[in-house]
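Commentary on secondary and tertiary structure
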Amino acid sequence: MKEQKTALVRQLYMPAILCAALWGSAAPCIKKGYELFEIAADASFSQLLFAGWRFALAGVLVLIVAKCKGHRILPVRSEWKPILWISLFQSMIQYICYYIGLSATTGTKGAVLSGTQTFFALIFAHLFLKNDKLTRQKALGCVCGFAGVLVLGMGGLNGFNLQGDGLVLLSAMSAGAGALVSRIFTPGRDPMLLTGWQLLLGGLLLGVIGVAGGGRLGAVTLTGVLLLGYMIVLSAAAFTIWTALLGKYPVGRVSLFCFLIPVFGAIFSALVLGENIFTLRNLAALAFVSGGIAIANYVREAKNGTKQA
């Protein structure tokens, strides 16, 4: 029994926590990237160019990893439609809103608000999938999560602003829709191939929009390049590890660790950006959103070994 627990810690808990830490570090790294590349808060096209570089190269890296693992990396004709639909929601709309919105809010609030994509995914699944309706537990998780958004909105415009927080929330909604689209199109197809190409195409489109609008990187330094490299690797590494975990363990058991993503986002925002996360509003919102994610994804084991939500 002790050996089994040790193996579970090594094979599930540690990799899942690593993924949560990587994804949690994204928001503060993006804001730090704006500083290092001298991208102003109102330079939307430059922000999209920055996003384009990250996701296009992350897509290439995912495809390289897939090739090294023996996967096919050239899509067949029937796979282009799923790639384009997934890319539309998970790379294009999501990150247009996220990168522009994040420039007008804090890293802590960005990380907390982006965590609501879990609840949007549950709601969309309830509306459009016959076999995945909201249970009382999932509904309670959603109520807790959106309560966190209401907490962030306390304090007038200083608490919640449409240009920043509103766009980040819209990006979370797009990510939730993307999760639904992925569930529809991914079964029976290679998830690494789909993700690599949707990241690549989404990144190229973001880059083209950025260039067409006159966007540019104000300064290119070694520190900035290293940060961008880290962001590219975190996208590819987290996806590869997460996909491997989903292939080995039940979805609910893996998804439970998503509650740590906003937590790590807040911690890294304090460390990287020097933000004060220890305000009553920040901590309450973080507790509601992370708690809601944990409640919605929690699966307990019955005595007979079956899973119960």
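Our structure's up above, just so we're on the same page.
Below: a short report on this structure.

The rules we used
- Within each chain, residue numbers correspond to sequence positions counted from 1 in written order.
- Selection of residues for local features in this predicted model requires a pLDDT of at least 70, selection of side-chain atom pairs for listing and counting requires 80 or more, and totals for whole chains, interfaces and linings are taken over all residues.
- In computing side-chain values, all of the structure's heavy atoms are included and hydrogens and water are not.
- Helix and strand assignments follow DSSP, with helices taken as H or I runs no shorter than four residues and strands as E runs no shorter than two, numbered in order from the N terminus.
- Both definitions apply: the radius of gyration is a C-alpha atom measure, and the globule rule equals 2.2 Å times residues to the power 0.38.
- For every residue, the accessible area obtained with a 1.4 Å probe (protein chains only) is divided by the maximum for its type, and the residue is called buried under 20%, exposed over 50%, and partly exposed between those limits.
- Any two residues whose heavy atoms approach within 4.5 Å are treated as being in contact.
- Using a 1.4 Å probe, the Shrake-Rupley method yields the accessible areas, and only the shown protein chains count as cover for residues.
- None of His or the chain ends enter the tally, which takes Lys and Arg as positive and Asp and Glu as negative.
- Here the site of a charge means atom NZ of a Lys, CZ of an Arg, CG of an Asp or CD of a Glu.
- What a helix is expected to span follows from its residue count: subtract one and scale by 1.5 Å.
- Here a polar contact is recorded for every N or O atom pair within 3.5 Å, except that within protein the pair must consist of a potential hydrogen donor and a potential acceptor, and residues adjacent in sequence are included only if both atoms are side-chain atoms.
- An axis is simply a line fitted to the C-alpha atoms; with a helix, the fit covers only the stretch in contact. Between two such axes, the angle follows the N-to-C directions and lies from 0 to 180 degrees.
- The cut-offs work like this: below 35 degrees is roughly parallel, past 145 is roughly antiparallel, 65 to 115 is roughly perpendicular, and the gaps in between are oblique.
- A crossing counts as left-handed when the near helix is turned anticlockwise from the far one by less than a right angle, and as right-handed when that turn is clockwise.

**Some words on the overall build of the chain**
A tally of regular secondary structure across the chain gives 13 helices and 2 strands. For 309 residues, the compact-globule estimate of 2.2 N^0.38 gives 19 Å, and the C-alpha radius of gyration of the chain, at 19 Å, lies within 12% of that figure. For the chain, the spread of C-alpha atoms along the three principal axes comes to 60 × 50 × 40 Å. Across the 309 residues of the chain, 50% fall into the buried class. Across the chain, contacts joining residues at least 24 apart in sequence account for 85% of those joining residues at least 6 apart. Just so you have it, the chain exposes about 14,800 Å², and 69% of that area is on carbon and sulfur atoms. Averaging the locations of the 25 positively and 10 negatively charged side chains of the chain gives two centres separated by 11 Å.

**Quick word on helix α12 (residues 260-273)**
Taking 1.5 Å of rise per residue, 14 residues should cover 20 Å, and α12 covers 19 Å from first to last C-alpha, within 8% of that figure. For α12, the complete set of buried residues consists of L260, P262, F264, G265, A266 and S269. Of the residues trailing α12, G274 is marked for its positive phi of about 70°.

**Some details on the side chain of S290**
Along the polypeptide, S290 turns up in helix α13 (residues 280-297). Judged by its relative accessible area of 6%, S290 falls in the buried class. Within polar-contact distance, the side chain of S290 engages the backbone oxygen of F259 at 3.0 Å. Once you skip the residues sitting within four places of it in the chain, S290 turns out to touch F259, P262 and V263.

**Remarks on the packing of helix α3 (residues 44-68) against helix α9 (residues 191-212)**
When two helices pack together, you describe them by how their axes are tilted relative to each other and by the distance separating the axes. Where α3 meets α9, the closest approach of the two axes is 7 Å, and the angle between their N-to-C directions is 155°. Judged by the inter-axis angle, α3 sits roughly antiparallel to α9. The crossing of α3 and α9 is left-handed.

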